[in-house]
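# Coordinates in review
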Amino acid sequence: MMRLPPFEYRAPVSVADAVKLMGDHGPDAMLVAGGTDLYPNMKRRQFEPKVLVGLRGIRELVGIRGSAATGLIIGSGTTLTVTAAHAEVAAHYPALATAAGQVSTPQLRNMGTLGGNVCVDTRCNYYNQSYQWRKAVDFCMKKDGDICLVAPGSPRCWAVSSSDTAPALWSLGASVRLAGPAGERTIPLSALYQDDGIQYLAKRPDEVLTDILVPRAEGLRCEYLKLRRRGAFDFPVLGVAVALTMDGDTVRTARIVLGAVASQPREAAEAAGLLVGQRLTPDVITATADRASRPSKPLDNTDFTHPYRKKMTRVYVERALRRLAGSGEDA
Ligand SMILES: Cc1cc2nc3c(=O)[nH]c(=O)nc-3n(C[C@H](O)[C@H](O)[C@H](O)COP(=O)(O)OP(=O)(O)OC[C@H]3O[C@@H](n4cnc5c(N)ncnc54)[C@H](O)[C@@H]3O)c2cc1C
Ligand code: SF4
C-alpha cells in the first residue's frame, strides 16, 4: 500500500488567511481542495509539500451565483457534482455540465472541486507512476530527474493537460479570479495556462483561484465530447469543447478548444473562424472538422496511440458540430 508522506495540515477559514499561510511557508506549501488528485500524487512522491493549506473550510469559495442571463460566478470550492447538477449550468451551459459530470467517478466528483479541476496537474505515462517505477527508469525532469523520457532531446516537459472542464470553460469564454499577496486580479481562463508540462499554470503558487466567471449564455449552443478508454472512470485522452453563439441559424461567434492534446488546452481558432457567418451545413461542418485537427499534436505519453488521438480530433469536432446543428447524427 502506498502511504502519504508526513505533512502539516493547516485549515484557514478565509481566503485572506489561506493567502497569508501560503506566503508564510513559501515553496514548502501547497494548496489542497478536494485532494482527489493531489493526495494520490503525494503517495507517489510526485509532490512532497511540508505544509498543505486546505481550502475546504473556506465557505466563501463554495456556491454558484448569477444566472444564464447575467453570467455565472462559480466558487472554486464548488464540487463537480454540484456544478454538473446545477439547474442553470445543466440547462444553459451543457458543455460545462457534461465536462464536470464526466470527470472520473461519482465519489471523486463529490469531493473534487471545479477549482481543483481547472488547476489539476498535467499527466504523462512516465510520471504518473509509483516512486519505485520512476526510480527504475531513472526519473524524468518533471520530478527528480533531468531528461524527458518521451522526447529525450527536448529541453522541456510535454506532460498533458488532462482537465475536462478547462477546455469547456475556455470555449465558453470564462475568466478566473485569483487572490494573492498583492490583492485580487481577474484574467481570462485561457491566460491561466502555458505550454509547459511542469510550469503549466501562469499563476504564482501562492495565488488562490477563488472564482470562475462564466459569461451570459445569450444565443449559446455548446457541447463537450470526451475520448477515454473506460467510459465510467478515465481521464480524457482527447476532449473537444465547442461553443457557438447564434443569430437564428447563423453562427455569430465560435470557439473550438481541444483538451489532452498538449500541455495546455489548445484553441483551434482557424477552424472556428470558418464557422462565423455560416449556417451549420454538412459542408461547413466537414471543412471545420478537417481544419480543427491541425493544432492537435498529441505525443506518445498517454493512453491510446497518438496518431489515433489526432485522427479522433477530426471525428469528435465533426460529431460535436453535428449535434449542435441539431441533426442528432453522429459522424
Ligand atoms: C482515478 C482518478 C481519475 C480521475 N479522472 C479524472 C478525469 O476523468 N478528468 C479530470 O479532469 N480529472 C480527473 N481526475 C483528477 C481529479 O480527481 C480532478 O481533476 C478533480 O477535479 C481535482 O479537484 P480537487 O478539488 O480534488 O483538486 P486537488 O487534488 O485538491 O488539487 C489539484 C491541484 O489544484 C490545486 N488547487 C486546488 N484548488 C485550488 C485553488 N482554489 N486555487 C489554486 N490551486 C488550487 C492544488 O494545489 C493541486 O495542485 C482523476 C483522479 C483520479 C485519482
Ligand atoms: S513529458 Fe517527459 S519530462 Fe514530462 S513527465 Fe513525461 S517523461 Fe517526464
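None of these values were measured; they are calculated from a predicted model.

## Some words on helix α11 (residues 282–292)
Given 3.6 residues per turn, any residue in an α-helix points the same way as the ones three and four places further on. Along α11, the residues classified as buried are Val284, Ile285, Thr288, Ala289 and Ala292. What you see down the axis of α11 is that its buried residues fit within an arc of 125°, all on one side. Opposite its buried face, α11 presents the exposed residues Pro282 and Asp283, each directed more than 90 degrees away. Those residues of α11 hidden inside the fold are in contact with β11 (250–259), α10 (269–273) and α12 (306–325).

## Re the site of ligand 1
Close to ligand 1 lie 33 residues, the nearest being Leu31, Thr36, Thr113, Asn117 and Asp164. Between ligand 1 and serine 76, the relevant distance is 3.4 Å, taken from a nitrogen atom to a side-chain nitrogen or oxygen of the residue. The backbone of serine 162 places a nitrogen or oxygen atom 3.3 Å from an oxygen atom of ligand 1. Out of a free accessible area of 970 Å², ligand 1 has 92% covered by protein chains. Breaking the shell around ligand 1 down by element, the ones donating at least two residues are β2 (29–32), α7 (114–118) and β8 (208–214).

## Observations regarding the sheet that holds strand β1 (residues 8–10)
With respect to topology, three strands assemble into an open sheet ordered β1-β3-β2, the strand pairing being parallel. In this open sheet, the two edge strands, each paired with only one partner strand, are β1 and β2. Between one strand axis and the next, the sheet turns by 25° as a mean value, whatever way the strands run. Inspection of the sheet shows β2 paired to strand β3 (residues 51–54) by four bridges, in the parallel sense. When the sheet's bridge partners are listed, methionine 30 is paired in β3 with leucine 52.

## Observations regarding the nonpolar core
Membership of the largest hydrophobic core comes to 39 residues, with the highest contact counts inside it found for Tyr93, Leu169 and Ile212. Ranked by the residues each element gives to this core, the list is headed by helix α5 (residues 94–101), at five residues. Dropping the residues within four chain positions of it, tyrosine 93 is found in contact with Ser67, Ala68, Gly71, Leu72, Glu88, Leu172, Val214, Pro215, Arg216, Ala217, Leu220 and Cys222.

## Topic: the pattern of salt bridges
Within the structure shown, the criterion is met by 24 salt bridges. Among the ionic pairs, lysine 143 bridges to aspartate 144, the shortest N-O distance being 3.0 Å. For lysine 143, a relative accessible area of 15% corresponds to the buried category. Look at aspartate 144 and you get partly exposed, because its relative accessible area is 42%. Its salt-bridge partner being arginine 314, residue glutamate 318 comes within 2.7 Å of it at the nearest N-O pair. Of this pair, glutamate 318 and arginine 314 are both found in helix α12, four residues apart, which corresponds to roughly one turn of the helix. Assessed through its relative accessible area of 8%, glutamate 318 is described here as buried. With relative accessibility at 29%, the residue arginine 314 sits in the partly exposed group. Among the ionic contacts, a cluster of salt bridges with common partners joins Glu48, Arg134, Lys143 and Asp144.

## Looking at empty space enclosed by the protein
In this structure the tally under the stated criterion is two cavities of 30 Å³ or more. Estimates place the volume of the largest cavity at around 70 Å³. Lining the largest cavity are 14 residues, and of these Cys124, Cys140, Cys148, Val150 and Cys157 sit closest to its centre. A class-by-class count of the residues in the lining of the largest cavity yields 12 nonpolar, one polar and one charged. Quantified by volume, the second largest cavity comes out at close to 40 Å³. Here the lining of the second largest cavity is built from residues that sort into five nonpolar, four polar and no charged.

## Some remarks on α12
If you check α12, its first and last C-alpha atoms are 29 Å apart, about what 20 residues at 1.5 Å a residue would give, namely 28 Å. Looking only at α12, the buried set comprises Arg309, Met312, Thr313, Val315, Tyr316, Val317, Glu318, Arg319, Ala320, Leu321 and Leu324. Turning to α12, the residues buried within the fold contact β9 (220–227), β10 (238–247), β11 and α11. Glycine 326 sits one or two positions beyond α12 and adopts a positive phi of about 85°.

## Some points on the pairing of β8
Burial analysis of β8 places six of its seven residues in the buried class, which makes it a mostly covered element. Two elements, strand β5 (residues 71–75) and β8, share four bridges in a ladder whose sense is antiparallel. Looking across to β8, one finds that isoleucine 73 is bridged to leucine 213. Here strand β6 (residues 175–180) pairs with β8 via five bridges, running antiparallel.

## Section: the site of ligand 2
Taken together, Cys124, Tyr126, Tyr127, Cys140, Met141, Lys142, Cys148, Leu149, Val150, Cys157, Trp158 and Ala159 make up the full set of residues near ligand 2. The cavity that encloses ligand 2 is the largest cavity.

Rules of the game
- Residue indices begin from 1 for each chain and proceed along its sequence in written order.
- In the order they appear in the text, chains get letters beginning with A and ligands get numbers beginning with 1.
- The model is predicted, so local features are restricted to residues of pLDDT at least 70 and side-chain atom pairs to those at 80 or more, both for listing and for counting; the totals for chains, interfaces and linings are taken over all residues.
- Side-chain measures here rest on the full set of heavy atoms in the structure, leaving out hydrogens and waters.
- Relative accessibility under 20% of the residue-type maximum defines a buried residue, over 50% an exposed one, and the middle range a partly exposed one, all with a 1.4 Å probe and only protein chains included.
- The helix and strand labels rest on DSSP assignments: H or I over at least four residues marks a helix, E over at least two residues marks a strand, and numbering proceeds from the N terminus.
- Directions drawn from the helix axis to the C-beta atoms are what define this arc.
- Contacts are residue-level and defined by heavy atoms, with any inter-residue pair within 4.5 Å sufficient.
- Being near a molecule or strand, for a residue, means having at least one of its heavy atoms within 4 Å of it.
- Here a polar contact is recorded for every N or O atom pair within 3.5 Å, except that within protein the pair must consist of a potential hydrogen donor and a potential acceptor, and residues adjacent in sequence are included only if both atoms are side-chain atoms.
- Where accessible areas are quoted, they stem from the Shrake-Rupley method and a 1.4 Å probe; at the residue level, only the protein chains shown are allowed to cover.
- Any two strands with at least two DSSP bridges between them are considered paired.
- Here, axes are lines fitted to C-alpha atoms. For helices the fit covers the stretch in contact, and angles between N-to-C directions go from 0 to 180 degrees.
- Take the buried residues of types Ala, Val, Leu, Ile, Met, Phe, Trp, Tyr and Cys, join any two whose side-chain atoms come within 4.5 Å, and each joined set is a nonpolar core.
- What makes a salt bridge here is a side-chain nitrogen of Lys or Arg within 4 Å of a carboxyl oxygen of Asp or Glu, nothing more.
- Throughout, the protein atoms alone are placed on a 1 Å grid, and a set of points is a cavity if a 1.4 Å probe fits but cannot get out or a pocket if it is open with protein on both sides within 12 Å along at least five of seven lines; lining residues have an atom within 4 Å of a point.
- Grid points are joined across faces, edges and corners, and a volume is the space filled by probe spheres set on the points.
- Just so you know the grouping, Ala, Val, Leu, Ile, Met, Phe, Trp, Tyr, Cys and Pro go in nonpolar, Asp, Glu, Lys and Arg go in charged, and all remaining residues, Gly too, go in polar.
- An expected span of 1.5 Å times one less than the residue number is assigned to each helix.
- Pocket or cavity membership: a molecule qualifies when more than half of its atoms sit within 2 Å of the grid points of that site.

These figures come from the coordinates and say nothing about function on their own.
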